[in-house]
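# Architecture and fold: a report
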Amino acid sequence: MAKSALFTSSIGKKFLMGLTGLFLISFLIVHASINAMIWFNDGGVTFNKYAHFMGSNLIVRTMEIGLFLGLILHVVDGLWLYKLNREARPVKYAYNDEGTNSSWYSRSMAILGTLILLFLVLHLANFWVKTRITGIEQFGVDAEGQENLFAVMQAVFQSPIIVVIYVAGCFSLFWHLLHGFKSAFQTLGLNHVKYNEAIAVLGIAFSIIVPIVFALMPVSILLGWVR
Amino acid sequence: MSELNSKIPEGQLQEKWQHYKEHAKLVNPANKRKLEIIVVGTGLAGASAAATLAEQGYKVKAFCFQDSPRRAHSIAAQGGINAAKNYKNDGDSVYRLFYDTIKGGDFRAREANVYRLADVSRNIIDQCTAQGVPFAREYGGLLDNRSFGGTQVSRTFYARGQTGQQLLLGAYGALERQIGLGNVTMHSRHEMVELVTIEGKARGIIARNLITGELEKHFGHAVLLCTGGYGNVFFLSTNAMGSNVTAAWKAHKQGAYFGNPCYTQIHPTCIPVTGDYQSKLTLMSESLRNDGRVWVPKTKEDSEAIRKGTKKAEDIKEADRDYYLERKYPSFGNLCPRDIASRAAKEVCDEGRGIVPSGFGVFLDFSDAINRLGIDVVKARYGELFPMYQNITNEDPLKTPMKIYPAVHYTMGGLWVDYELMTTVKGLYCLGEANFSDHGANRLGASALMQGLADGYFVLPYTIGNYLADEIFVKPIPTDHPAFVEAANSAKERSENLMSIKGKRTVDDFHKQLGKIMWEYCGMARTAEGLTKARKMIQELRNEFWSDVRVPGELNEFNPEFDKAGRVADFIELGELMVIDALNRNESCGGHFRVESQEGGEAKRDDENYAYVAAWEFKGVEADPVLHKEELKYENIKLAVRSYK
Amino acid sequence: MKFYLKVWRQKSDKVAGKLVDYTIDNINADMSFLEMIDVLNDDLIRKGEDPIAFDHDCREGICGMCSMYINGRAHGPHHAATTCQLYMRTFRDGDTIYVEPWRAKAFPAIKDLTVDRSAFDRIIARGGFVSVNTGQAQDANNIAVEKASAEKAMDAAACIGCGACVAACPNSAAMLFVSAKISQLALLPQGGPERTLRALGMIDQMDKEGFGNCTNIGACEAECPKEIKLTNIARMNREFLKATIVEE
Ligand SMILES: Cc1cc2nc3c(=O)[nH]c(=O)nc-3n(C[C@H](O)[C@H](O)[C@H](O)COP(=O)(O)OP(=O)(O)OC[C@H]3O[C@@H](n4cnc5c(N)ncnc54)[C@H](O)[C@@H]3O)c2cc1C
Ligand code: HEM
Ligand code: SF4
Ligand code: FES
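Residues take numbers from 1 onward in each chain, read along the sequence in its written order. Whichever chain is written first is A, and whichever ligand is written first is 1; the rest continue in order. Side-chain atom pairs in this predicted model are given and counted only at pLDDT of 80 or more, local residue features only at pLDDT of at least 70, and totals for whole chains, interfaces and linings cover all residues. The basis for every side-chain value is the complete set of heavy atoms in the structure, and neither hydrogens nor water enter the calculation.

### Concerning the overall build of chain C
Numbered from the N terminus, helices here are DSSP runs of H or I no shorter than four residues, and strands are runs of E no shorter than two. Per the secondary structure count, chain C includes eight helices and seven strands. Here the C-alpha coordinates of chain C stretch approximately 65 × 35 × 35 Å along the principal axes. In chain C, buried positions account for 66% of the 248 residues. When checking whether two residues touch, look at their non-hydrogen atoms; a contact exists if any pair is within 4.5 Å. Of all intrachain contacts in chain C linking residues separated by at least 6 positions in sequence, the fraction that spans at least 24 positions is 69%. On chain C, roughly 8000 Å² of surface is accessible, and the fraction owed to carbon and sulfur atoms is 48%. When a residue's accessible area, from a 1.4 Å probe over protein chains only, is under 20% of the maximum for its type it is buried; when over 50% it is exposed; and in between it is partly exposed. Working definition of accessibility: Shrake-Rupley area with a 1.4 Å probe, residue cover restricted to the visible protein chains.

What follows is the structure in structure tokens.
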């Protein structure tokens with residue numbers, strides 16, 4: 001086996017999943033933190049400030065390309081692995097009691113991921129396309145005269161259907177992370193009896209907190225908790 | 001009676017092997033590449049031999065009937081492997097291991113072989129450690145030992161309760177390495193069904209591809225049989241379901257003498273038989289006797305009550321218990337050798353004092369040990385064993401005594417081989433449990449693993465050169481040679497015969513019946529009368545088998561039932577030979593106990609008349625075999641009565 | 001006891017298989033699962049039918065030959081036990097029991113409940129050993145090995161190569177098996193010199209055999225009769241990383 005195995009072998013593909021997964025997790029932290037600014041409840045001023053920074057800073061914009069690449073890699077690699085894994089068992093069990101030896105969400109990473117992806121498409125159409133491509137001038141400016149992404153949010157989340165889809169997307173993310181977080185450490189070989197417990201706890205906390213933060217945003221706006 | 005030449009080298013006992021190695025003929029590397037060797041069996045003996053021969057440059061073809069060489073029955077050995085390393089500084093030495101083995105074998109083994117075995121035992125540990133076998137270690141990082149099987153020194157190396165597995169996986173790794181390098185071709189799921197001889201020399205085998213049923217012809221300049229023991233002739237034994245005598249038996253029919261077939265080791269601590277459906281018996285490690293006390297009630301009435309379930313072990317008062325091993329053998333007590341402990345159990349059960357419904361079982365009681373050491377210590381000491389027992393029997397040995405009974409475990413007999421491990425057929429070698437060599441009439445614990453690996457790693461690879469050096473001009477013989485065709489035809493004919501009977505009884509049915517005859521008459525206690533009767537019964541059984549067995553399925557497919565039928569057919573013939581041998585040996589020695597030959601209730605050996613190896617020559621299924629004797633000369637050890645009182 | 005069995009019957013890898021119903025009565029609770037199948041087979045033979053082909057040998061949980069997927073679980077419902085160590089008392093009278101073979105592309109069918117696991121051998125042949133010829137070894141006590149490492153190596157070495165990990169894994173991945181051997185030899189100094197080659201070789205062969213890819217689901221660990229731990233897979237991943245990134 002050549003050294004190029006780093007990318008082509010089964011374990012290489014896993015590494016890529018783990019790395020891109022952790023990378024996406026790091027992005028989620030940033031994303032969630034900025035979004036949390038809406039709870040300053042200052043008509044989106046703080047939020048818009050950071051959003052503007054994210055949208056205009058060159059380094060951040062470059063990283064955004066990396067983010068897309070990472071996401072694409074994660075998605076393509078994940079779905080490819082999924083395909084290979086299905087092919088590895090051409091005849092299925094007539095009766096399989098998988099529930100006794102593993103959790104359903106660990107077995108459903110591809111489906112959960114695909115749900116996230118569908119959600120992401122909607123999400124990007126809702127915001128990213130508008131801010132980066134079509135522009136959001138028609139939403140005016142906020143109290144400090146900044147581009148008003150907050151207003152876009154308020155507009156989008158008036159629709160209960162969209163909010164429900166967003167919350168569902170967050171659930172998918174929750175389960176995806178519940179397995180994915182600690183799984184990524186295992187994939188990267190970071191498994192040590194002394195720290196496993198800590199990673200597991202951190203993983204659970206992360207997969208609960210982050211999706212809740214995300215889910216609360218549309219809910220808050222819909223229910224008028226923030227203005 | 002023709003002469004049997006055991007080819008023991010001249011010289012002092014200590015120097016024989018060295019001397020042999022220095023003078024044996026060698027084959028040069030270029031010629032080794034042209035020589036093909038067939039290795040049948042990939043247990044400890046076979047895998048180690050195949051790997052080593054391939055490392056040396058020979059072309060090797062290996063065969064086993066399981067789906068992988070890693071599954072040979074060597075894998076089941078739990079206890080450990082002996083070696084005269086003296087790491088414990090308790091006065092062990094090659095000589096002591098040699099002496100213990102000869103004495104343990106009740107003075108029925110060859111001195112020169114056993115000394116060589118003890119000698120190379122040390123290299124085995126080195127080799128296996130280098131292969132990454134995870135032997136138990138002390139905190140200082142060096143290898144740990146335990147004492148095993150009633151010896152006075154600690155010389156047993158172990159890897160938890162999985163020593164056989166770890167040693168086999170080491171040898172298997174070495175074998176797979178050679179397979180990967182292209183030096184060994186491995187034929188798994190293949191069963192040797194015929195030996196091919198040409199002009200008196202072994203030249204190949206016929207093997208059945210167990211998946212397709214095809215009979216394949218394979219040529220070899222030499223053939224090694226490493227096919228394990230034949231304890232399954234008793235149907236119930238601690239052996240694996242597939243363990244068989246077929247390869248050795250086919251060789252026997254082609255001229256290889258069978259040595260001491262009646263020597264069978266019956267292990268005292270196995271889980272008793274509970275029903276007719278039972279397919280095998282499970283060994284509980286010998287180490288349990290270190291802390292367990294063996295007993296039955298003093299009276300038949302109490303035993304009867306326990307059998308019926310009206311009383312429990314706990315209801316029998318201390319004074320009403322008979323700790324019979326401690327009573328009879330005060331100095332060794334519960335730790336006396338296997339054959340003695342087994343016979344004693346049989347005796348008390350025959351008196352009607354057995355404690356399981358069938359009547360054949362005794363208690364192995366840990367309550368004293370628990371009181372003395374505490375439940376946690378006992379639990380830790382026998383970590384894997386208690387849960388294993390509980391899983392099988394549904395009883396917790398920490399709460400109620402274990403129930404045990406002897407079961408067939410090992411066969412000391414096997415194909416007769418000389419010092420070079422060659423059988424009476426030139427170019428046919430036999431290694432491991434399949435040969436008769438080193439354990440005399442009784443094997444010591446932890447010595448079979450040692451012997452298998454000694455044969456395969458360190459003995460045969462030297463001795464085979466001595467033969468092959470003269471074979472370098474023999475070109476590989478094409479397998480359309482008449483001898484191959486004839487052998488294949490005879491195998492085919494026999495198979496078709498078996499299939500065509502379409503009788504009423506299943507193969508297992510016959511096997512169980514054979515087992516019962518063997519256990520009853522050729523088991524722990526044997527009499528002339530019983531053996532004579534048994535021989536007749538076996539002959540009748542053979543006739544019935546060949547006229548009433550039912551083998552389902554087809555020949556040209558995966559058909560485990562057919563494979564079984566072939567093996568049972570051979571077991572029946574072997575059973576008769578065992579009975580003949582047992583009848584011939586009118587003495588008691590080691591695992592062979594003739595009721596007629598005892599003194600004060602103890603086995604009595606007869607060195608004057610029976611200090612020989614009985615090597616039997618096949619003369620036809622219906623004909624009497626011919627006995628050849630190899631005198632056993634003891635030049636270094638004085639024959640003595642084995643006493644454990 | 002009485003049971004309703006649904007057993008996978010398949011004449012060979014060339015034809016499709018199906019579940020066939022059998023009813024079996026008078027089963028003793030102390031029988032092992034395989035003994036129950038023995039009884040069924042005895043019955044089938046007497047009736048002139050083809051008995052069920054299944055792999056087994058030692059019947060004491062060590063050879064790794066037995067391999068049945070019972071009621072949707074590799075080796076059946078017992079924890080840390082092989083099929084041959086499963087006893088009928090585990091079931092309730094009148095239960096319906098599904099019996100299927102291991103299913104994976106890399107374990108092609110042979111007949112009924114028997115499959116071909118030789119892929120495991122080929123993986124071992126690519127590095128599951130220490131390259132030391134007979135007679136080359138130094139004295140065993142020349143290298144001291146930390147007891148804790150030796151114990152961990154032994155934990156990993158306990159693998160019996162049964163393939164339950166593959167059978168239970170939703171991805172049919174063989175990582176637990178492969179990592180057990182890589183770990184055993186990585187934990188011992190004797191295995192050191194060949195670490196890189198071993199990791200690359202064995203993983204390459206594993207992929208060639210068509211096993212799936214690990215997604216750390218953990219079904220393998222849960223069903224492994226020898227309780228081989230997922231930690232080994234992480235260790236294998238590290239070995240692989242080292243071999244591909246760190247080593248020259
Ligand atoms: C339960 C148990 C526990 C034991 N514990 C210990 C112990 O603690 N210490 C100790 O020293 N000894 C122990 N022994 C004994 C020891 O394990 C065996 O004697 C020894 O391992 C035999 O090794 P072998 O290589 O000769 O044969 P095996 O390991 O039995 O190998 C036989 C090989 O031959 C092949 N074969 C057989 N017939 C054919 C055929 N017709 N065609 C093709 N291939 C064939 C098989 O496939 C297999 O590969 C124990 C034995 C048992 C049963
Ligand atoms: C923000 C979004 C996402 C995050 C944070 C994320 C994170 C992760 C993490 C951490 C893992 C574990 C990796 C490992 O086991 O090594 C993972 C696995 C996986 N992800 Fe995602 N993921 C995201 C989106 C997606 C999407 C959109 C898909 C698309 C299909 C997807 C498909 C998968 C699959 C199939 C796996 C399992 C594969 C494996 O472990 O080998 N993920 N994800
Ligand atoms: S890791 Fe466990 S399940 Fe997998 S082959 Fe080894 S023993 Fe069987
Ligand atoms: S038959 Fe050997 S492990 Fe089950």
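### Things to note about the domain arrangement of chain C
All names here are of chain C. With domains assigned, chain C is organised as domain 1 (3-110) and domain 2 (117-246). In this description, buried area is defined as the sum, over both parts, of the accessible area (probe of 1.4 Å) that is lost when the two are combined. Of the roughly 1600 Å² buried at the junction of domain 1 and domain 2 (both faces included), carbon and sulfur atoms supply 56%. The salt bridge criterion pairs a side-chain nitrogen of Lys or Arg with a carboxyl oxygen of Asp or Glu, the two atoms within 4 Å. On the surface where domain 1 and domain 2 come into contact, there are two salt bridges. Salt-bridge contacts for aspartate 55 lead to arginine 117; the nearest nitrogen and oxygen are separated by 3.5 Å. Polar contacts here mean pairs of N or O atoms no more than 3.5 Å apart (in protein, one a potential hydrogen donor and the other a potential acceptor; neighbouring residues in sequence count only if both atoms are side-chain atoms). The interface formed by domain 1 and domain 2 contains six residue pairs in polar contact (both at pLDDT 80 or more). Here the term charged refers only to Asp, Glu, Lys and Arg, the term nonpolar to Ala, Val, Leu, Ile, Met, Phe, Trp, Tyr, Cys and Pro, and the term polar to all other amino acids, Gly among them. Considering only residue class, the side of domain 1 that touches domain 2 consists of 12 nonpolar, seven polar and four charged. For each domain, the first and last residues come from an automatic or database assignment.

### Describing the site of ligand 2
Only a single heavy atom is needed: when it lies within 4 Å of a molecule or strand, its residue is near that molecule or strand. By nearness alone, 24 residues border ligand 2, and Gly18, His74, His176, Ser183 and Thr187 of chain A come closest of all. More than a single chain frames ligand 2: its nearby residues are located in chains A and C. Here a nitrogen atom of ligand 2 sits 2.8 Å away from a polar atom, N or O, in the side chain of histidine 74 of chain A. Serine 183 of chain A is positioned such that a nitrogen or oxygen atom in its side chain is 2.5 Å from an oxygen atom of ligand 2.

### Quick look at the coordination of the iron atom of ligand 2
Residue and element names in this part refer to chain A. Coordination of the iron atom of ligand 2 by the protein involves His74 (NE2) and His176 (NE2), with metal-donor separations of 2.0 Å. Here the iron atom of ligand 2 binds six donor atoms, and the angle range of 86 to 179° at the metal identifies the geometry as octahedral. In this pair, histidine 74 is assigned in helix α4 (residues 58-87) and histidine 176 in helix α7 (residues 160-187), connecting sequence segments 102 residues apart. On the accessibility criterion, histidine 74 (14% relative accessible area) is buried. Sodium, potassium and calcium take a 3.2 Å donor cutoff, other metals 2.8 Å, and in both cases only N, O and S atoms count; water is not among them, so sites may look incomplete. Note on geometry labels: four donors, all angles 85 to 135 degrees, give tetrahedral; four donors become square planar and six octahedral when opposite donors are over 155 degrees apart and every other angle is between 65 and 115; remaining cases are irregular.

### Overview of the pairing of strand β12 (residues 293-297) of chain B
Residue and element names in this part refer to chain B. With respect to burial, β12 is a largely interior element, five of its five residues being buried. Note: two strands are recorded as paired if DSSP finds a minimum of 2 bridges between them. With three bridges connecting them, β12 and strand β14 (residues 362-365) associate as antiparallel partners. Across the sheet, the residue bridging to arginine 293 is aspartate 365, located in β14. Inspection of the sheet shows β12 paired to strand β13 (residues 321-322) by two bridges, in the antiparallel sense. Paired with proline 297 across the strands is arginine 321, a residue of β13.

### Here we look at the site of ligand 3
Residues and elements named next belong to chain C. Around ligand 3 sit 13 residues in total, of which Cys159, Cys162, Gly163, Cys165 and Cys224 are the nearest. If you list the elements that add at least two residues to the shell around ligand 3, you get α4 (164-168) and α5 (175-186). Partitioning the shell around ligand 3 into residue classes produces 11 nonpolar, two polar and no charged.

### A closer look at the pattern of salt bridges
Tallying each qualifying case throughout the model produces 87 salt bridges over all chains. Linking aspartate 67 of chain B and arginine 71 of chain B is a salt bridge whose minimum nitrogen-to-oxygen distance equals 2.6 Å. Look at arginine 71 of chain B and you get buried, because its relative accessible area is 2%. Put simply, glutamate 151 of chain C and arginine 160 of chain B hold a salt bridge, and the shortest N to O gap is 2.8 Å.

### A word on the confidence of the model for chain C
Each residue carries a pLDDT score, the predictor's confidence in it, ranging from 0 to 100. Looking at chain C as a whole, the pLDDT averages 96, with 100% of positions reaching at least 70. Overall fold confidence for the complex sits at a pTM of 0.96, while the interface term, ipTM, reaches 0.97.

### A few points about the sheet that holds strand β1 (residues 36-40) of chain B
All names here are of chain B. The strand order β5-β2-β1-β9-β17 describes an open sheet built from five strands, whose pairing is parallel. Two strands close off the open sheet at either side, each with one partner strand: β5 (184-187) and β17 (428-430). With strand direction ignored, the average angle separating the axes of adjacent strands in the sheet is 20°. Alignment of β1 against strand β2 (residues 59-63), held across five bridges, turns out to be parallel. In the sheet register, valine 40 faces β2, and the bridge partner there is phenylalanine 63. Axis geometry follows a simple rule: fit a line to the C-alpha atoms, using only the stretch in contact for helices, then measure angles between N-to-C directions, giving values from 0 to 180 degrees. Helix α14 (residues 448-468) contacts β1, β9 (222-225) and β17 of the sheet and is inclined by roughly 150° relative to β9.

### Regarding the interface of chain A and chain C
The parts lose accessible area when they come together, and the size of an interface is often stated as this lost area. With 39 residues of chain A at the interface, the matching set in chain C holds 52 residues. A combined buried area of about 3700 Å² lies between chain A and chain C, and 55% of that area is made up of carbon and sulfur atoms. In this assembly, chain A and chain C are joined by zero salt bridges. Joining chain A to chain C, the criterion identifies 28 residue pairs in polar contact (both at pLDDT 80 or more). Tallying contributions element by element places helix α2 (residues 10-35) of chain A first for the side of chain A that touches chain C, with six residues.

### A few points about the interface of chain B and chain C
Each partner contributes to the interface: chain B provides 71 residues, whereas chain C provides 72 residues. Counting the surface lost from both chain B and chain C, the interface buries some 5900 Å², and carbon and sulfur atoms represent 51% of this. Considering only the surface of chain B that becomes buried against chain C, Arg71, Arg137 and Tyr277 of chain B emerge as the three largest contributors, covering 12% of it. Counting across the chain B and chain C interface gives nine salt bridges. The tally of links between chain B and chain C comes to 46 residue pairs in polar contact (both at pLDDT 80 or more). If you list the elements that add at least two residues to the side of chain B that touches chain C, you get α3 (44-56), α5 (111-130), α6 (163-180), α13 (385-393), α14 and α18 (560-584) of chain B. Per-element accounting of the side of chain B that touches chain C gives the leading share, nine residues, to α6 of chain B. In terms of residue class, the side of chain B that touches chain C is made up of 26 nonpolar, 27 polar and 18 charged.

### What about the confidence of the model for chain A?
Mean pLDDT for chain A: 89, with 98% of residues reaching 70 or above. The element-level mean pLDDT for chain A is lowest in helix α1 (residues 5-8) of chain A, coming to 77, with α7 of chain A highest at 94.

### Regarding the packing of aromatic side chains
Note on aromatic pairs: the rings of Phe, Tyr and Trp (six-membered ring only in Trp) are paired at centre separations within 6.5 Å, and the planes decide the class, stacked below 30 degrees, edge-to-face beyond 60, tilted for the rest. Throughout the structure, instances matching the rule amount to 46 aromatic pairs over all chains. Arranged with centres 5.9 Å apart and planes meeting at 85°, the rings of tryptophan 104 of chain A and tyrosine 105 of chain A form a pair that is edge-to-face. When its relative accessible area of 18% is taken as the criterion, tyrosine 105 of chain A is described as buried. An aromatic cluster of at least three residues, connected via ring pairs, comprises Trp104, Tyr105, Phe171, Phe174 and Trp175 of chain A. It is arginine 146 of chain B that lies over the ring of tyrosine 158 of chain B; its NZ or CZ is 3.9 Å from the centre. Note on geometry: a ring has a charge over it if NZ (lysine) or CZ (arginine) is within 6 Å of the ring centre and within 35 degrees of the ring normal.

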